[in-house]
Amino acid sequence: LASVVRCGTIDNDFFPNARKAYGSMKTLDVNGGTGHSRILVGERLANLPQYLPPGRTVIVTDTIVRKLYETQFPEVDMVTVGVGETAKTLASAQDIYGALIDLEADRTTFIVGIGGGIVCDITGFVASTYLRGVRFGFVATTLLAQVDASVGGKNGVNFRGFKNMVGVFNQPEFVICDLEMLRTLPRSERHSGFAEIIKHAAIGDSALFDFMERNLHGADTLDASVIERFVSDSVTLKADIVSRDEKEAGERRKLNFGHTLGHAIERTTGVSHGEAVAAGMVFAADLSVSRGLLDRAEADRLSALIAAYGLPVSIPADPTALMAALRRDKKRAGEGIHFVLLEGLGKAVVLEIPVAELELAISERK
Ligand SMILES: NC(=O)c1ccc[n+]([C@@H]2O[C@H](COP(=O)([O-])OP(=O)(O)OC[C@H]3O[C@@H](n4cnc5c(N)ncnc54)[C@H](O)[C@@H]3O)[C@@H](O)[C@H]2O)c1
């Protein structure tokens, strides 16, 4: 059975060391087939020790996060990985295995990944495979990691240039989302997070969509109540979808909204993931309009929101190269390509689109 439960305070039997109830913190419980995860939105890095089981803990982090926040880490052993997609490899995983062996980490060792999506993905993968699996948790330090990467139990590394080719499904025991840590995040990284939040609103939460429209200033200044809502609503929506389809057999595909063309744009132009997804969402919304599924006015609202959050509504790219990249996409099935379209703001549908129709739409793309 899978479910998402909202609760307001830390009790508890789940984390016996957590002593206090934190007024402004929101906790969300995610029960998936591969385990139970507690997402703590608004909790602070400084309180991490309260969530650690007795015994040995090893921290995995990257060089940038370490430099910025090491003084706030608990005094435990630490393994540091490099930064960027090129560090998300089996070679980095091997380095961490080696360090764990040198540290004589055993099955009772608890591993905490402190960082963005890359650190979380590698840490979850290493913890799930070292000694056939040890317990682990995350402190998610980027907006993207808080709203997306830390929820859903996907862990893994890139291989031969293909993203996330090798990995496992497994839930972290907890994810601390320290909203204050987002203040040191470069603006471009913030925008990547906004792109995924807009995606969540567009596919399943029209109230969040309205809220994003009304709270641009709060988002820009990282107002705690605004960001808390962005993170907790995103986590709730993603956890709800994932709990119904953990291994991506159907419903979970909706989370690919904007990503099918987005990945092709990212690969062929080299723009950032968030920018490519933003342009991909606009394309998917336009396709939804031309199929008669979505009102033009709603598609325009989506484009306006994307632009307001500092993201591009279009990225020029060679149509032939885009089609070649799309054809290679793993979501291709039969004569068509699985595409997530909108039937309204907050309502997504997954359809198989004929290749010829996509070719035409891409050639007409501005
Ligand atoms: N597992 C999943 O379900 C899932 C979902 C979405 C994305 N991902 C993965 O997440 C990765 C992208 O994650 P990301 O966008 O967090 O990138 P990232 O982990 O590379 O972090 C971005 C940059 O910000 C730095 N950083 C992290 N926290 C910081 C802070 N608080 N202040 C200043 N700098 C900070 C990092 O060192 C890095 O340079 C991709 O590899 C993607 O495949 C996984």
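Our subject in this report is the structure included herewith. (Residues numbered from 1 in each chain as written. Predicted model: local features only at pLDDT ≥ 70, side-chain atom pairs only at ≥ 80, totals over all residues. Heavy atoms only, no water.)

### A look at the overall build of the protein
Under the convention used in this document: Only DSSP runs of H or I reaching four residues or more are called helices, and only runs of E reaching two or more are called strands; each is numbered from the N terminus. Residues are treated as being in contact if the distance between any of their heavy atoms lies within 4.5 Å. We get accessible surface area from the Shrake-Rupley algorithm with a probe of 1.4 Å; when it comes to residues, only the shown protein chains can shield them. Under the convention used here, Asp and Glu are negative, Lys and Arg are positive, and both His and the chain ends fall outside the count. By convention, the charge on Lys lies at NZ, on Arg at CZ, on Asp at CG and on Glu at CD.
The helix and strand inventory of the protein stands at 13 helices and 13 strands. Oriented by its inertia axes, the alpha-carbon framework of the protein measures out at about 60 × 45 × 40 Å. Across the protein, contacts joining residues at least 24 apart in sequence account for 69% of those joining residues at least 6 apart. Here the protein displays about 15,300 Å² of accessible surface, and carbon together with sulfur accounts for 52% of that area. Charged side chains in the protein number 40 positive and 46 negative. The centres of these two groups are separated by 2 Å.

### Concerning the environment of arginine 267
Counted only if it meets this: Using a 1.4 Å probe on the protein chains alone, a residue whose accessible area is under 20% of its type maximum counts as buried, one over 50% counts as exposed, and one in between counts as partly exposed.
Checked against the element boundaries, arginine 267 lands in helix α9 (residues 259–269). Given the relative accessible area of 48%, arginine 267 is considered partly exposed. The spatial distance from the C-alpha of arginine 267 to the C-alpha of valine 151 is 25 Å, given a sequence separation of 116 residues.

### With respect to unusual backbone geometry
Positive phi is not limited to glycine here, since arginine 132 has a value of about 65°. Mapped onto the elements of the fold, arginine 132 is located in the loop between α3 (117–129) and β7 (136–140). For arginine 132, a relative accessible area of 75% gives the class exposed. Despite not being glycine, leucine 222 has its phi angle at roughly 55°, a positive value.

### Describing the site of the ligand
Applied cut-off: We call a residue near a molecule or strand when any one of its heavy atoms sits within 4 Å of it. By the criterion applied in these results, polar contacts are pairs of N or O atoms within 3.5 Å in which, for protein atoms, one can donate a hydrogen and the other can accept it, and in which residues neighboring in sequence qualify only through two side-chain atoms. When residues are grouped by polarity, Ala, Val, Leu, Ile, Met, Phe, Trp, Tyr, Cys and Pro land in nonpolar, Asp, Glu, Lys and Arg in charged, and all others, Gly among them, in polar.
Inspection of the region around the ligand gives 26 residues, with Asp62, Glu85, Thr141, Thr142 and Thr184 positioned closest. Between threonine 184 and the ligand, the recorded distance is 2.7 Å, taken from a side-chain N or O atom to a nitrogen atom. Its free accessible area being 870 Å², the ligand has 88% of it covered by the protein chains. When contributions to the shell around the ligand are tallied by element, the ones reaching two or more residues are α1 (63–69), α3, α4 (143–149) and β9 (162–169). Here the shell around the ligand takes four residues from α1, the largest share from any one element. Across the shell around the ligand, the residue classes tally to eleven nonpolar, six polar and nine charged.

### Examining the packing of helix α10 (residues 273–290) against helix α11 (residues 296–308)
The test is simple: Axis definition: a line fitted to C-alpha atoms, over the contacting stretch in the case of helices. Angles run 0 to 180 degrees between N-to-C directions. Should an angle lie under 35 degrees it is considered roughly parallel, over 145 roughly antiparallel, and from 65 to 115 roughly perpendicular; all remaining angles are considered oblique.
For the pair α10 and α11, interaxial distance at closest approach is 9 Å and the crossing angle is 175°. Taken together, the axes of α10 and α11 lie roughly antiparallel to each other. On the side of α10, the interface is formed by Ala278, Met281, Val282, Ala285, Asp286 and Val289, while α11 contributes Arg296, Ala299, Leu302, Ser303 and Ile306. Across the contact of α10 with α11, the residue classes tally to eight nonpolar, one polar and two charged.

### A closer look at the pairing of strand β8 (residues 154–159)
Quick reminder of the rule: Here, a strand pair is defined by DSSP locating no fewer than two bridges between the strands.
In the sheet, β8 pairs with β9 via five bridges, with the strands oriented antiparallel. Pairing of valine 157 across the sheet is with valine 166, part of β9. Hairpin remark: β8 followed by β9, antiparallel, with two residues in the connecting loop; positive phi at arginine 160, about 50°.

### Considering empty space enclosed by the protein
Stated formally: Cavity means a closed set of points on a 1 Å grid over the protein atoms alone, one where a 1.4 Å probe fits but cannot get out, pocket means an open set with protein on both sides within 12 Å along at least 5 of 7 lines, and lining means a residue has an atom within 4 Å of a point. Grid points are joined across faces, edges and corners, and a volume is the space filled by probe spheres set on the points.
Scanning the entire structure with this criterion turns up one cavity of 30 Å³ or more. Along the walls of the largest cavity sit Leu179, Glu180, Arg183, Leu222, Ala224 and Ile227, which together make up its complete lining. Residues of the lining of the largest cavity, tallied by class, amount to four nonpolar, no polar and two charged.

### Structural notes on the layout of surface pockets
Roughly 430 Å³ of volume is contained in the second largest pocket. Taken together, 17 residues line the second largest pocket, and the ones lying closest to its centre are Phe283, Asp286, Glu364, Arg365 and Lys366. At the level of elements, α10, α11 and α13 (355–363) are the ones that each hand at least two residues to the lining of the second largest pocket. Broken down by element, the residue count for the lining of the second largest pocket peaks at seven residues, all from α10.

### Focus: the nonpolar core
What counts is decided by this rule: Working definition of a nonpolar core: buried Ala, Val, Leu, Ile, Met, Phe, Trp, Tyr and Cys residues. They are joined through side-chain atoms within 4.5 Å.
If you look at the biggest cluster of nonpolar residues, it comprises 98 residues, and the most contacted ones within it are Phe230, Leu302 and Phe339. Looking at which element gives the most residues to this core, the answer is α10, with ten residues. Counting 17 residues, the second-largest nonpolar core is a separate cluster that includes Met25, Val112, Ile114 and Phe174.

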